[in-house]
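This is what each chain is made of:
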Amino acid sequence: MKNKKGFIATSMIYSFFLVFLMLMVTILANSINNRILVGRIKEDIRSEIDAEASFAVDVLPSKNYAVSEVVRFAGEDWNVITDKGSTVVLVLNRALNKQEIVSAIREEGNNRIYGTCNDTDCQVRACFNASTTQTAGEQYCWYYSGSSYRIPAWNPTSSQINNSNVTLRQGQTIVSSVVRSWFDTHQSLQRVLNKGKLVSMSFSDGGSTVSGYVRIPSTSEVSSKAAWTSTKGPFHVLERASNTQTKIYNTSLQTVTSNTSAFIRPVIEVYEG
């Protein structure tokens, strides 16, 4: 009788143990399955964001675009400058704001760099407005007088910056520094760049031919496109007019001293489709 009771007790203990093991296995299996499902959902979401053509922000549809037409691309509104067929040249449908400019050059409130600048409208000089040649510095191009200046350039080489002839020395424009830094830190533009959606453009700053994925409007673009007449100005134009003069557009193309302030409107070229 005692052996029988002991057998029953042992059987019950083993039964409870087996039930416990089965529950643990079931819980672990569900946990693993849920983790796999969550991982797949994350991958699907990432694929949708990174690759699906349905996200218009990353894809410029193939069609005929009209000059000045507004399109949405890389999280920004742009105006069409030129439809080249397989590619489209676009200009930002606004000027860069104060926050973007300050983030780019890490300097705020310096009237040798800024013109009129507030949270909504911010004009920047092409070259440093030097009060004396001693305060001009070497980081940017600068202008003190017709005989004391550093020639503005979009992307000067080291030899141009350190030219032994002082009157031939060049410096990067403040505008170039802002635009290139803005582009490099713009997450949506960097994403479409990595997807091969942007064209590397070759262009002239009025002295040298340079290349890059971002620039500002050129002289020929603002001279030939009627769409600019309704655009808020003044804004900087790419080519310099001389060693001491740059260009702006303010209802028409104008030549100004290189320390004149104006808005900044980046330009990109995008593959269709």
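## Considering the overall build of the chain
Stage number 1. If you tally the helices and strands in the chain, you get 6 helices and 17 strands.
Stage number 2. Looking at the chain residue by residue over its 273 residues, the buried ones come to 40%.
Stage number 3. Excluding contacts between residues fewer than 6 apart, the proportion of contacts in the chain whose partners are at least 24 apart in sequence is 51%.
Stage number 4. For the chain, the exposed area adds up to about 14800 Å²; of that, 53% sits on carbon and sulfur atoms.

## Some words on helix α2 (residues 98–105)
What sets the pattern is the α-helix's 3.6 residues per turn: residues three or four places apart point alike.
Stage number 1. For α2, the full list of buried residues reads Glu100, Ile101, Val102, Ala104 and Ile105.
Stage number 2. Summarising the contacts, the buried residues of α2 are in contact with β4 (114–117), β5 (122–125) and α4 (174–184).
Stage number 3. Backbone geometry just after α2 places Arg106 at a positive phi near 55°.

## Points about the sheet that holds strand β17 (residues 267–271)
Stage number 1. Here we have 4 strands laid out as an open sheet, ordered β1-β2-β3-β17, and antiparallel in their pairing. Looking at the sheet topology across the chains shown, the edges are occupied by β1 (70–73) and β17. Between one strand and the next, the sheet's axes are offset by a mean angle of 45°, whatever the strand orientation.
Stage number 2. When strand β3 (residues 87–92) meets β17, the two strands line up antiparallel, connected through 5 bridges. Among the inter-strand pairings, Val89 is bridged to a residue of β17, identified as Glu269.

## Brief notes about the pattern of salt bridges
Stage number 1. A full pass over the atoms with the stated rule returns 10 salt bridges.
Stage number 2. With a shortest N-O distance of 2.8 Å, Glu100 and Arg94 are connected by a salt bridge.
Stage number 3. Given the relative accessible area of 19%, Glu100 is considered buried.
Stage number 4. In this structure Arg94 comes out as partly exposed when scored by relative accessible area, which is 27%.
Stage number 5. Between Asp205 and Arg240 there is a salt bridge; the shortest N-O distance is 3.9 Å.

## Description of the state of the cysteines
Stage number 1. Summed over the entire model, instances satisfying the criterion amount to 2 disulfides.
Stage number 2. Across the disulfide from Cys117 sits Cys122; the S-S distance is 2.0 Å. Its torsion about the S-S bond being -85°, the disulfide of Cys117 and Cys122 is classed as left-handed.
Stage number 3. Note on Cys117: relative accessible area 24%, which makes it partly exposed.
Stage number 4. Given the relative accessible area of 1%, Cys122 is considered buried.
Stage number 5. Through a disulfide, Cys127 is tied to Cys141; the S-S separation comes to 2.0 Å. Note on the Cys127 and Cys141 pair: the S-S dihedral is about -95°, so by sign convention the disulfide is left-handed.

## Overview of the pairing of β4
Stage number 1. In this sheet, β5 lies alongside β4 in antiparallel orientation, the contact comprising 2 bridges. Within β5, the position partnered with Tyr114 by the bridge is Val124.

## Comments concerning unusual backbone geometry
Stage number 1. If you check the backbone angles, Ala74 has positive phi at about 55° while not being a glycine.
Stage number 2. Relative to the elements of secondary structure, Ala74 occurs in the loop between β1 and β2 (76–83).
Stage number 3. The residue Thr251 is not glycine, and still its phi comes out positive at about 70°.
Stage number 4. Examined against the element boundaries, Thr251 turns out to sit in the loop between β14 (245–249) and β15 (253–257).

So, how was this worked out
- Residues numbered from 1 in each chain as written.
- Predicted model: local features only at pLDDT ≥ 70, side-chain atom pairs only at ≥ 80, totals over all residues.
- Heavy atoms only, no water.
- Helix = DSSP H or I, 4+ residues; strand = E, 2+ residues; numbered from the N terminus.
- Buried < 20%, exposed > 50% of the residue type's maximum accessible area, 1.4 Å probe, protein only.
- Contact = heavy atoms within 4.5 Å.
- Areas by Shrake-Rupley, 256 points an atom, 1.4 Å probe, with all protein chains shown as cover.
- Pairing = 2+ DSSP bridges.
- Axes fitted to C-alpha atoms, helices over the stretch in contact; angles between N-to-C directions.
- Salt bridge = Lys/Arg side-chain N within 4 Å of Asp/Glu carboxyl O.
- Disulfide = S-S within 2.5 Å.

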